[in-house]
Amino acid sequence: MQGIDLDRAWDLHPQVSVRPEPFGALLYHFGTRKLSFLKDRRLLDVVRSLGDARTARDACAAAGVPESDLARYRAALGTLVRSSMLVERTP
């Protein structure tokens, strides 16, 4: 599983809309017309807090992701980057 660098800053792509659902959330990219499902409410919390966090690792910590689960969240965030739902934040 290829993930992202958790020590970098990431954001939702500006063209992505997040719709919370009982199972997690739907992410829709208006530019690519791709739809992604988040089946984990904690992952939704991570995604929502990326914009305010200094790094993805900080967003994971703020969402209560235990250290033992970081590899799984790193991989999930990597999938969202590859589908253009997330972009690296530049200064």
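Okay, so let's go over this structure. A quick note: this is a predicted structure, and the numbers were derived from the prediction, not measured.

Things to note about the nonpolar core
Core analysis: the largest hydrophobic core is formed by 24 residues, its most contacted members being L38, V46, L77 and L80. Breaking this core down by element, the ones donating at least two residues are β3 (24–29), α1 (41–49), α2 (56–62) and α3 (70–82). Other than its neighbours up to four places away in sequence, V46 contacts A59, C60, A63, V65, Y73 and L77.

Thoughts on α1
Within α1, the full set of buried residues consists of L43, L44, V46, V47 and S49. Taking the backbone nitrogen of R42 as reference, a side-chain oxygen 2.8 Å away marks D40 as the first, capping residue of α1.

Notes on the sheet that holds strand β4 (residues 35–38)
Spatially, β2-β3-β4 is the arrangement adopted by the 3 strands of the open sheet, whose pairing is antiparallel. In the strand order of this sheet, the two ends are held by β2 (16–21) and β4, each with one partner. Neighbouring strand axes in the sheet, compared pairwise and without regard to direction, differ in orientation by 20 degrees on average. Bridging between β3 and β4 involves 4 bridges; their strand directions are antiparallel. Of the residues in β4, the one forming a bridge with A25 is L38. Those strands touched by α1 are β2, β3 and β4, and its axis lies near 145 degrees from that of β2.

Rules and cut-offs
- Residues numbered from 1 in each chain as written.
- Predicted model: local features only at pLDDT ≥ 70, side-chain atom pairs only at ≥ 80, totals over all residues.
- Heavy atoms only, no water.
- Core = buried A, V, L, I, M, F, W, Y, C linked by side-chain atoms within 4.5 Å.
- Buried < 20%, exposed > 50% of the residue type's maximum accessible area, 1.4 Å probe, protein only.
- Helix = DSSP H or I, 4+ residues; strand = E, 2+ residues; numbered from the N terminus.
- Contact = heavy atoms within 4.5 Å.
- Polar contact = N/O pair within 3.5 Å; in protein donor to acceptor, adjacent residues only side chain to side chain.
- Pairing = 2+ DSSP bridges.
- Axes fitted to C-alpha atoms, helices over the stretch in contact; angles between N-to-C directions.

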